[in-house]
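# Summary of the model geometry
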2 protein chains.
Amino acid sequence: MTMVRRGSGRGGRPTLEQVAARAGVGRGTVSRVINGSPRVSDRTRAAVERAIKDLGYVPHQAARTLAANRADAIALVVPEPEARLFAEPYFSGIIRGVSAELADTDIQLLLTLIRTPKERQRFAQYASGHRVDGVLMVSVHGEDPLPDELSRIGMPAVMNGRRSAEESFPHVDCDNFGGAQLAVEHLLGRGRRTVATITGPLDMYAAQCRLEGYREAMRAAGRPDAAALVAHGDFSEESGHAAMHELLGRRPDLDAVFCASDLMAVGARRALRELGRSVPEDVALVGVDDSAMARHMDPPLTSLRQPLEEMGRAMTRALLAQIRGEAKESARMVLPTELVRRTSS
Amino acid sequence: MTMVRRGSGRGGRPTLEQVAARAGVGRGTVSRVINGSPRVSDRTRAAVERAIKDLGYVPHQAARTLAANRADAIALVVPEPEARLFAEPYFSGIIRGVSAELADTDIQLLLTLIRTPKERQRFAQYASGHRVDGVLMVSVHGEDPLPDELSRIGMPAVMNGRRSAEESFPHVDCDNFGGAQLAVEHLLGRGRRTVATITGPLDMYAAQCRLEGYREAMRAAGRPDAAALVAHGDFSEESGHAAMHELLGRRPDLDAVFCASDLMAVGARRALRELGRSVPEDVALVGVDDSAMARHMDPPLTSLRQPLEEMGRAMTRALLAQIRGEAKESARMVLPTELVRRTSS
DNA sequence: GACGGGAGTGGGAGCGCTCCCAACGGTGAT
DNA sequence: ATCACCGTTGGGAGCGCTCCCACTCCCGTC
């Protein structure tokens with residue numbers, strides 16, 4: 001009855017065979033041209049390219065996949081809770097990088113949100129079904145079994161961040177240690193003397209690094225490593241608020257705080273306001289993430305920026321190399337962070 | 001030399017044929033079981049399911065695609081500038097909805113960022129290559145030729161938002177008009193008398209709707225439609241800041257402002273602070289988007305929330321129906337918004 | 001002037017699946 | 001008992017591509 005069924009329909013698209021016929025060559029030759037093989041004469045190549053253009057030929061992905069046993073696709077796996085938490089610049093920054101790096105390949109990006117163990121299972125099966133050539137993982141937790149499952153089935157994969165200092169899985173991370181150091185040095189350089197810090201949850205490696213970076217900078221500056229200057233948070237605003245109160249209770253003389261997340265800085269800023277301390281006059285503030293919030297705080301918050309897009313690109317490059325089998329050893333990359341200076345410090 | 005090449009290698013996976021052999025049936029029968037055809041006896045079905053489980057069989061996607069002429073994948077197209085702009089809750093909210101709706105199908109979500117006309121071209125070609133069954137579009141501009149290209153090739157597609165009141169393309173939008181009305185009624189209901197508005201760029205339909213909603217609410221409340229109470233912005237913070245100054249210059253007596261975006265509300269709030277007006281005592285403020293910023297403003301901003309996840313789900317459902325050919329007519333759906341009340345009003 | 005060899009080419013043999021037609025047995029109707 | 005029929009089932013014929021082996025030229029060589 002209906003003329004067209006489900007999209008462009010079967011008959012509509014030219015096939016490689018038709019291209020071959022039109023160019024007056026064999027299928028093999030067309031295939032070689034498409035795949036950029038050097039073993040084709042210029043004359044022939046030109047003729048084939050002509051025919052491809054005339055016919056508007058587009059290779060059929062599934063057929064290639066089937067015949068060549070590759071998927072021409074990689075998956076970006078996002079644990080669901082993080083998708084919400086990291087919504088802000090993180091997610092889209094990484095994606096932008098990945099997507100940019102993929103732009104001139106014909107590899108597709110598959111987005112996979114995983115919210116339950118069952119879905120993780122399903123994804124592992126999916127991956128083992130060889131429907132992707134590689135996997136990119138974002139915000140992997142210590143207990144997540146996915147990395148192991150992937151390496152067990154020999155699926156190329158790269159994660160963003162590390163689970164510990166001796167992370168053996170291929171990864172791309174940013175230099176949280178060095179960044180924290182930078183932030184604290186900046187504070188000290190602006191004449192602050194009593195610099196405190198509000199840490200993230202210390203079961204996360206990134207949070208550990210930031211604390212160590214703080215300590216190292218303080219040590220290098222000859223400042224006593226006063227335990228009273230360290231308060232613990234969990235990256236949330238509320239925890240930042242509480243930690244700030246705690247800190248000020250212990251050391252009313254502090255004049256700067258390095259917060260391990262922008263969100264905690266927001267909480268801290270609120271606490272400071274409650275206690276009548278001005279920012280940056282009385283207390284300077286630095287956060288981490290360079291989120292939209294940082295820009296819109298009052299005063300705008302100095303913050304440590306992670307090179308999100310570059311991380312996305314680096315992960316993708318590392319993964320592609322691994323897929324091509326060019327990876328001599330598992331990639332371990334740590335990118336520098338950058339301090340975005342605003343008026344809060 | 002090397003034992004394993006590129007993932008699990010070819011020989012590793014069981015095929016449908018092997019399942020058939022193990023279950024003692026023919027290929028056709030296994031295929032029927034997998035695809036849930038009713039024309040299989042319970043006995044046989046059980047045997048086949050058994051074999052599938054034993055072998056850990058996973059259908060080979062590309063083979064299905066090739067044989068059945070469908071892709072089992074849909075694309076989510078995001079114009080690049082928006083990916084940055086809308087980073088906040090929008091992007092991940094929609095994705096979460098789409099992904100949730102897709103969870104119990106075996107349809108994959110492909111993410112496509114389009115940043116140049118060339119890439120758009122490439123995507124159109126890709127789509128016409130039938131590598132996806134349908135397309136979801138996000139923040140489509142009036143001049144974007146992609147919707148037309150897609151309908152020309154008969155590719156099922158749904159967009160988020162509308163380009164105009166008489167949008168004929170299948171879409172899912174939220175009720176900006178009603179939402180704005182709601183927001184203004186809320187303001188009036190709290191005893192505010194002189195409610196102003198800062199609009200978005202009026203070449204965007206959503207911005208028009210919000211302005212009309214404001215006008216309708218004012219009209220219904222018997223408030224004069226004072227042109228002096230309307231200032232124009234472009235959704236940016238800076239424009240909100242400027243508009244607020246302008247507004248207060250014209251009508252120093254205003255006691256509430258409905259801002260067509262949270263970002264503009266941030267700018268307006270800054271202007272109010274500069275002019276020594278307190279929020280909400282002197283001037284009540286309402287924004288739109290319910291972004292992270294709204295929660296973290298001082299005071300927290302009342303804001304109109306779009307049902308992002310639900311929009312994602314609705315778009316997906318509409319698209320799947322369209323793909324299955326069940327769509328009697330092009331889907332037009334408008335979802336209600338919700339006012340999240342905070343202390344700014 | 002026969003010969004080895006490389007460059008360029010054609011096309012068979014699948015890849016794993018779905019579609020569909022033919023075939024098979026059992027059932028109720030005649 | 002005969003027959004039409006329906007619920008089931010098996011398996012051939014591709015889907016469009018890549019891989020790879022064989023084949024043809026056309027060199028330069030001895």
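Heads up: the structure comes first, above all this text.
Residues numbered from 1 in each chain as written. Chains lettered and ligands numbered in written order. Predicted model: local features only at pLDDT ≥ 70, side-chain atom pairs only at ≥ 80, totals over all residues.

Quick look at the interface of chain A and chain B now. Much of the literature gives interface size as the accessible area that the parts lose upon coming together. Facing the 46 residues of chain A at the interface are 47 residues of chain B. Considering each element in turn, the side of chain A that touches chain B owes the most residues, eight residues, to helix α6 (residues 87-102) of chain A. Residue composition of the side of chain A that touches chain B, grouped by class: 20 nonpolar, 15 polar and eleven charged. (Contact = placed C-beta atoms within 7 Å. Helix = DSSP H or I, 4+ residues; strand = E, 2+ residues; numbered from the N terminus. Nonpolar A, V, L, I, M, F, W, Y, C, P; charged D, E, K, R; others polar.)

As a further point, take the sheet that holds strand β12 (residues 338-340) of chain A. All names here are of chain A. The strand order across the open sheet built from six strands is β7-β6-β8-β9-β10-β12, with neighbouring strands paired in mixed fashion. Each of the sheet's edge strands pairs with one partner strand only, and the pair in question is β7 (230-232) and β12. On average, each strand axis in the sheet is tilted by 20° relative to the strand beside it, whichever way the strands run. Sheet topology note: the strand β9 (residues 284-288)/strand β10 (residues 302-305) ladder contains three bridges and is parallel. Bridge assignment links V288 to a residue of β10, and that residue is L304. (Pairing = 2+ DSSP bridges. Axes fitted to C-alpha atoms, helices over the stretch in contact; angles between N-to-C directions.)

In the neighbourhood of DNA strand C, 27 residues make up the surrounding shell, with G26 and G28 of chain A together with L16, A63 and A67 of chain B lying closest. Only α2 (27-34) and α4 (61-68) of chain A together with α1 (16-23), α2 (27-34) and α4 (61-68) of chain B provide two or more residues apiece to the surface near DNA strand C. Its residues placed into classes, the surface near DNA strand C shows eleven nonpolar, ten polar and six charged. (Near = placed C-beta within 6 Å.)

On to helix α12 (residues 262-274) of chain A. All names here are of chain A. Over its 13 residues, α12 extends 18 Å from the first C-alpha to the last, a length consistent with the 18 Å expected when each residue adds 1.5 Å. Burial analysis of α12 places ten of its 13 residues in the buried class, which makes it a mostly covered element. All of the buried residues along α12 are D262, L263, M264, A265, V266, G267, A268, R269, A271 and L272. A positive backbone phi angle near 75° is found at G276, which sits one or two residues after α12. (Expected span 1.5 Å × (residues − 1). Buried ≥ 20, exposed ≤ 12 C-beta atoms within 10 Å, placed from the backbone.)

In this section: the protein's contact with DNA strand D. Taken together, 27 residues sit near DNA strand D, with L16, A63 and A67 of chain A together with G26 and G28 of chain B positioned nearest. Of all the secondary-structure elements, those providing two or more residues to the surface near DNA strand D are α1 (16-23), α2 and α4 of chain A together with α2 and α4 of chain B. The element that contributes the greatest number of residues to the surface near DNA strand D is α4 of chain A, accounting for five residues. Tallied by class, residues from the surface near DNA strand D come to eleven nonpolar, ten polar and six charged.

A word on the sheet that holds strand β10 (residues 302-305) of chain B. Residues and elements named next belong to chain B. A sheet is described by the order of its strands in space; here six strands give the open sequence β7-β6-β8-β9-β10-β12, paired in mixed fashion. Strands with a single pairing partner mark the edges of an open sheet, and in this sheet they are β7 (230-232) and β12 (338-340). Between one strand axis and the next, the sheet turns by 20° as a mean value, whatever way the strands run. Judged from the three bridges that link them, β10 and β12 form a sheet pairing that is antiparallel. Looking at the pairing, L304 lines up with L339 of β12. Here helix α9 (residues 176-189) sits on the sheet and contacts β6 (195-199), β8 (256-259), β9 (284-288), β10 and β12; the angle it forms with β8, its principal contact strand, is near 165°.

Buried together is how nonpolar side chains tend to be arranged in soluble globular proteins. Within the largest apolar cluster, 98 residues are counted, with the highest numbers of intra-cluster contacts made by V257, C259 and A268 of chain A together with V257, C259 and A268 of chain B. Once you skip the residues sitting within four places of it in the chain, A268 of chain B turns out to touch I198, G240, H241, A243, M244, V257, C259 and L285 of chain B. Listed in part, the 84 residues of the second largest apolar core include L113, I114 and M155 of chain A together with L102 of chain B. (Core = buried A, V, L, I, M, F, W, Y, C linked by C-beta atoms within 7 Å.)

In this section: the relation of the copies chain A and chain B. At an RMSD of 0.1 Å, chain A and chain B line up after a rotation of 180° and a shift of 0.0 Å along the axis. Both copies are brought into coincidence by an operation consistent with a two-fold rotation axis. Mapped onto chain B, 98% of the interface residues of chain A are again interface residues, and the two copies thus contact each other with one and the same surface. (Least-squares fit on C-alpha atoms with pLDDT ≥ 70 in both.)

Residue and element names in this part refer to chain B. Position of R305 relative to the elements: it lies in strand β10. For R305, a count of 18 C-beta atoms within 10 Å puts it in the partly exposed group. Residues in contact with R305, not counting those within four places in the same chain, are D290, T337, E338 and V340.

With that out of the way, let us pick up helix α3 (residues 42-55) of chain B. Since one α-helical turn is 3.6 residues long, residues separated by three or four positions face the same way. Residues and elements named next belong to chain B. Over its 14 residues, α3 runs 20 Å from end to end, which matches the ideal 20 Å to within 8%, given 1.5 Å per residue. Check the buried side of α3 and you find it contacts α1 and α2. One or two positions beyond α3, positive phi appears at G56, with a value near 65°.

Residues and elements named next belong to chain A. The N-to-C vectors of α1 and α2 enclose an angle of 105°; their axes lie 8 Å apart at closest approach. Judged by the angle between their axes, α1 and α2 are roughly perpendicular. Residues L16, E17, V19, A20 and A23 of α1 pack against R27, T29, V30 and S31 of α2. Across the contact of α1 with α2, the residue classes break down as five nonpolar, two polar and two charged. (Parallel < 35°, antiparallel > 145°, perpendicular 65-115°, else oblique.)

Residues and elements named next belong to chain A. Neither face of strand β5 (residues 171-174) is open: one carries H171 and D173, the other V172 and C174, and all of them are buried. In the sheet, strand β4 (residues 157-160) pairs with β5 via two bridges, with the strands oriented parallel. Bridged to M159 within β5 is H171. Inspection of the sheet shows β5 paired to strand β11 (residues 332-335) by four bridges, in the parallel sense. Its bridge partner being in β11, H171 is matched across the sheet by R332.

A few words on the packing of α2 of chain A against helix α3 (residues 42-55) of chain A. Residue and element names in this part refer to chain A. Interaxial distance between α2 and α3 falls to 10 Å at its minimum, and their mutual angle equals 90°. When the axis of α2 is compared with that of α3, the two are roughly perpendicular. Contact with α2, carried on its side by T29, V30 and V33, involves T44, R45, V48 and E49 of α3 and no other residues of that element. Its residues placed into classes, the contact of α2 with α3 shows three nonpolar, two polar and two charged.

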